[in-house]
Amino acid sequence: MAADHEMTTPAGATPGAESWEGVVIFTGVMWTAYNMAPNLILPIIIVFIGAFSLQSTWPKCSVDQTLGWNLRPGAGSGLVTGSLLVPMVLMANNLHGNAKENGVSGMFCSYSLCMSHAAVCLVWLSKSDLHPDRPSIRTMGSLATTISVFLILLLQDLPLGVVNFTMGILGVVVCLCVLHSLLTSLPSSLSLGEAMIASEGVALLMIDSCQTVFYRNRSLEYNLLQSVALGLTIIGVVSARMFVSCERTEKQSTASWKDSMRFYILVLCVVAFICVPHLWWLLGRIPILWLMGFILACDSSISLIGYWSVMTLVAIATVAKQNSTNPGGAGSTIVRKYFHLIAIAVFLPGLKQNPQLLYIASAAALGTFVLLEYVRMDRIQPLGESLHTSLRVFVDEKDRGVAILTHIYLLLGCSLPLWLYPSAYKIGTELAMYSGVISLGFGDTAASIIGSTLGRHRWPGTKKTVEGTLAAVVAQLAACGTLSLFGIQPGFTANWIPIVTAVCLTSLLEAFTSQVDNIVTPLYMYALFSSGLSS
């Protein structure tokens with residue numbers, strides 16, 4: 001959240017900053033585990049020790065040479081954050097007792113820890129000083145999977161049945177495959193920690209999707225999200241093979257009309273023959289009729305959709321204006337924060353009035369954003385080149401690879417707290433749902449403006465300023481207090497200790513992390529709010 005004081009300061013993570021990042025993550029995870037279940041503390045410590053030790057000797061791991069991974073330059077490994085953040089969120093979900101609805105159970109925490117431990121083992125096995133002959137990725141992956149599944153599952157006091165063991169192995173294999181694919185097909189776009197978070201999320205969603213097909217016991221909105229994720233994954237995998245996106249460069253020519261038509265036919269076929277039938281099966285009714293009935297059944301739906309349409313036009317106008325005034329490069333930090341303010345304007349009314357509709361709309365927006373990114377990456381006609389030019393307004397130092405993901409990260413950061421805790425929309429008063437809006441809309445915006453204009457004192461080993469972090473803390477506490485006045489987590493004074501703790505830890509994490517803060521900080525704050533305010 002604390003932004004640069006001097007915009008020309010080079011980006012980069014130092015060992016000292018990464019160590020403090022690991023300490024902040026570990027503190028939050030242990031707090032959540034203590035509130036949730038003591039039996040998870042030992043596996044968490046094991047994963048943390050492995051990740052922290054590797055993170056301290058990261059330059060010697062040589063994963064770029066041994067595994068062929070092309071990591072985002074200027075970022076640290078993020079091993080501790082990538083290893084512990086997803087298990088932390090799953091533990092927080094269990095605290096609220098909504099495990100049955102979301103498919104998040106005690107075993108899912110174990111699966112996530114297995115995946116984290118397997119990734120750490122894979123990096124450790126790939127160290128060049130251990131294997132000068134460079135064994136294959138399959139050999140190292142198989143060994144890492146075996147070690148992780150046996151170690152983590154046997155440390156739990158949960159029933160170790162054939163199904164649980166099989167699902168653990170399947171989840172770890174899928175996670176490692178997705179991790180390897182992301183870091184080889186999207187060169188210079190992701191750090192290891194970011195890729196670990198994404199791969200664990202994909203693997204856990206796949207496991208839960210398999211269960212949903214047979215049991216169909218999830219919420220209707222969650223079924224829609226699963227169908228969107230399934231379609232995007234298939235389109236991404238097939239189009240990557242069709243257009244070889246990983247070899248595209250800034251000077252790449254526009255795709256031919258023949259290739260563009262192939263892409264559009266692929267999208268149409270996936271939607272018509274996979275996504276719609278899959279959603280129809282899960283819903284038990286025609287998807288479009290279900291959606292129309294849902295919108296017409298609520299008085300606030302039409303007004304919200306109209307309001308969001310206006311905000312969409314505002315965002316498009318902002319992009320157009322920025323490109324007309326600065327056609328030669330990316331926007332400044334303050335310009336990019338305009339979209340954080342737009343995110344506040346979009347999400348706050350939806351969370352308060354109709355979270356269920358916001359859930360559906362954000363899932364649809366994710367599908368649209370990712371499809372447009374596919375079009376931009378592959379320069380699909382007629383929009384690819386213009387999108388590539390327009391989206392430079394979003395680019396920052398974290399968008400150095402083939403993918404421009406900042407706007408997608410912002411959407412995910414605001415949406416994930418709602419998606420992770422959909423049972424809360426039946427109540428509409430849980431502060432955890434607002435974690436993305438609070439941390440990104442209020443905290444990040446205030447920190448960037450204050451840090452870039454008034455910041456003088458930097459945190460050790462980073463380019464972030466103490467003034468920016470303090471501004472983030474004040475802005476987020478003010479937002480929490482204001483939301484409490486409107487009935488969101490009432491009793492701010494009675495709950496001030498967990499709220500202040502969560503806000504301060506989240507602000508410190510952003511100050512020291514070199515990972516994408518639009519994803520890391522909302523998830524971290526969500527877990528802290530969920531566990532700290534569970535009583």
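Described in the following lines is the structure provided in the data block. (Residues numbered from 1 in each chain as written. Predicted model: local features only at pLDDT ≥ 70, side-chain atom pairs only at ≥ 80, totals over all residues. Heavy atoms only, no water.)

1. Topic: unusual backbone geometry
For step 1, the next point in the chain: Across the junction of Gln381 and Pro382, the peptide omega takes the value 5°, indicating a cis bond.
For step 2, the next point in the chain: Phi angles above zero are rare outside glycine, and Ser188 is one such case at about 65°.
For step 3, the next point in the chain: Within the secondary structure, Ser188 is located in the loop between helix 8 (162-185) and helix 9 (192-215).
For step 4, the next point in the chain: By relative accessible area, which is 18% here, Ser188 ends up buried.
For step 5, the next point in the chain: Located in the positive-phi region is Arg379, a residue other than glycine, with phi close to 55°.
For step 6, the next point in the chain: With respect to the secondary-structure elements, Arg379 resides in the loop between helix 16 (355-377) and helix 17 (384-390).
For step 7, the next point in the chain: Given a relative accessible area of 3%, Arg379 falls into the buried group. (Helix = DSSP H or I, 4+ residues; strand = E, 2+ residues; numbered from the N terminus. Buried < 20%, exposed > 50% of the residue type's maximum accessible area, 1.4 Å probe, protein only.)

2. A look at the packing of aromatic side chains
For step 1, the next point in the chain: For the structure shown, the criterion picks out eight aromatic pairs.
For step 2, the next point in the chain: Geometrically, the ring pair formed by Phe26 and Phe48 is stacked, given 4.1 Å between the ring centres and 25° between the ring planes. Pair noted here: Phe26 is in helix 1 (residues 15-36) and Phe48 is in helix 2 (residues 41-56), with a separation of 22 residues, a long-range link.
For step 3, the next point in the chain: Classification of Phe48 by relative accessible area gives buried; the value is 13%.
For step 4, the next point in the chain: What links up through ring pairs into an aromatic cluster is the set Trp20, Trp459 and Phe512. (Phe/Tyr/Trp six-rings, centres within 6.5 Å; stacked < 30°, edge-to-face > 60°.)

3. A short note on the environment of Pro460
For step 1, the next point in the chain: With respect to the element layout, Pro460 can be found in the loop between helix 19 (435-454) and helix 20 (466-485).
For step 2, the next point in the chain: For the pair formed by Pro460 and Gly16, sequence separation is 444 residues and the distance between their alpha carbons is 7.4 Å.

4. Some remarks on helix 19
For step 1, the next point in the chain: Bending of helix 19 peaks at approximately 30° at the position of Gly443.
For step 2, the next point in the chain: In terms of residue burial, helix 19 counts as a mostly covered element, since 14 of its 20 residues are buried. (Bend = angle between axes of the 7 residues up to and from the residue.)

5. A closer look at the pattern of salt bridges
For step 1, the next point in the chain: In this structure the tally under the stated criterion is five salt bridges.
For step 2, the next point in the chain: A salt bridge links Asp259 to Arg262; the shortest N-O distance between them is 2.9 Å. Here Arg262 and Asp259 lie together in helix 11 (residues 257-283), a separation of three residues that amounts to about one turn.
For step 3, the next point in the chain: Judged by relative accessible area, Asp259 falls into the partly exposed class, the value being 22%.
For step 4, the next point in the chain: You can call Arg262 partly exposed: its relative accessible area is 39%.
For step 5, the next point in the chain: Between Arg379 and Glu385 there is a salt bridge; the shortest N-O distance is 3.5 Å. (Salt bridge = Lys/Arg side-chain N within 4 Å of Asp/Glu carboxyl O.)

6. Describing helix 18 (residues 406-420)
For step 1, the next point in the chain: Taking 1.5 Å of rise per residue, the 15 residues of helix 18 would be expected to cover 21 Å, and the 21 Å separating its terminal C-alpha atoms lies within 8% of that figure.
For step 2, the next point in the chain: Maximum bend of helix 18: about 35°, positioned at Cys414, with proline Pro417 one to four residues after it.
For step 3, the next point in the chain: Burial within helix 18 is extensive, with 14 of its 15 residues counted as buried. (Expected span 1.5 Å × (residues − 1).)

7. A closer look at the side chain of Asn354
For step 1, the next point in the chain: Tracing the sequence through the fold places Asn354 in the loop between helix 15 (338-353) and helix 16.
For step 2, the next point in the chain: Note on Asn354: relative accessible area 6%, which makes it buried.
For step 3, the next point in the chain: What Asn354 contacts, discounting residues up to four positions off in sequence, is Phe294, Cys298, Ser300, Ser301, Leu304 and Pro349. (Contact = heavy atoms within 4.5 Å.)

8. A few points about a nonpolar patch on the surface
For step 1, the next point in the chain: The grouping of Val271, Val276, Trp280, Ile286, Ile288, Leu289 and Met292 at the surface amounts to a nonpolar patch, some 620 Å² of accessible area in total.
For step 2, the next point in the chain: Elements that contribute at least two residues to the nonpolar patch include exactly helix 11 and helix 12 (287-297).
For step 3, the next point in the chain: Counting through the fold element by element, Trp280 comes out in helix 11. (Patch = residues over 30% accessible without salt bridge, like charges linked within 9 Å, V, L, I, M, F, W, Y side chains within 5 Å. Areas by Shrake-Rupley, 256 points an atom, 1.4 Å probe, with all protein chains shown as cover.)

9. Some words on the packing of helix 13 (residues 299-325) against helix 16
For step 1, the next point in the chain: Relative to each other, helix 13 and helix 16 sit at 40°, their axes nearing to 11 Å. With respect to their mutual orientation, helix 13 and helix 16 come out oblique. Regarding helix 13 and helix 16, the two cross each other, and that crossing is right-handed. Taking contact as the criterion, the partners of Ser301, Leu304, Ile305 and Trp308 in helix 13 are, on helix 16, Leu357, Leu358 and Ala361.
For step 2, the next point in the chain: For the contact of helix 13 with helix 16, a count of residues per class yields six nonpolar, one polar and no charged. (Axes fitted to C-alpha atoms, helices over the stretch in contact; angles between N-to-C directions. Parallel < 35°, antiparallel > 145°, perpendicular 65-115°, else oblique. Left-handed = near helix turned anticlockwise from the far one by under 90°. Nonpolar A, V, L, I, M, F, W, Y, C, P; charged D, E, K, R; others polar.)

10. Things to note about the nonpolar core
For step 1, the next point in the chain: With 136 residues, the main nonpolar core has Ile44, Leu179, Leu192, Leu431, Tyr524 and Phe529 as its most contacted residues.
For step 2, the next point in the chain: Per-element tally for this core: the top contributor is helix 6 (residues 106-125), with 12 residues. (Core = buried A, V, L, I, M, F, W, Y, C linked by side-chain atoms within 4.5 Å.)

11. Observations concerning the packing of helix 15 against helix 18
For step 1, the next point in the chain: Running from N to C, helix 15 and helix 18 cross one another at 25°; their axes reach a closest spacing of 10 Å. When the interaxial angle is binned, helix 15 and helix 18 end up roughly parallel. Remark: the crossing between helix 15 and helix 18 carries right-handed chirality. Between helix 15 and helix 18, the contacting residues are Phe339, His340, Ala343, Phe347 and Leu351 on the first element and Leu410, Leu411, Cys414, Ser415 and Leu418 on the second.
For step 2, the next point in the chain: The class makeup of the residues in the contact of helix 15 with helix 18 is eight nonpolar, two polar and no charged.

Purely spatial values, then, with no claim about function.
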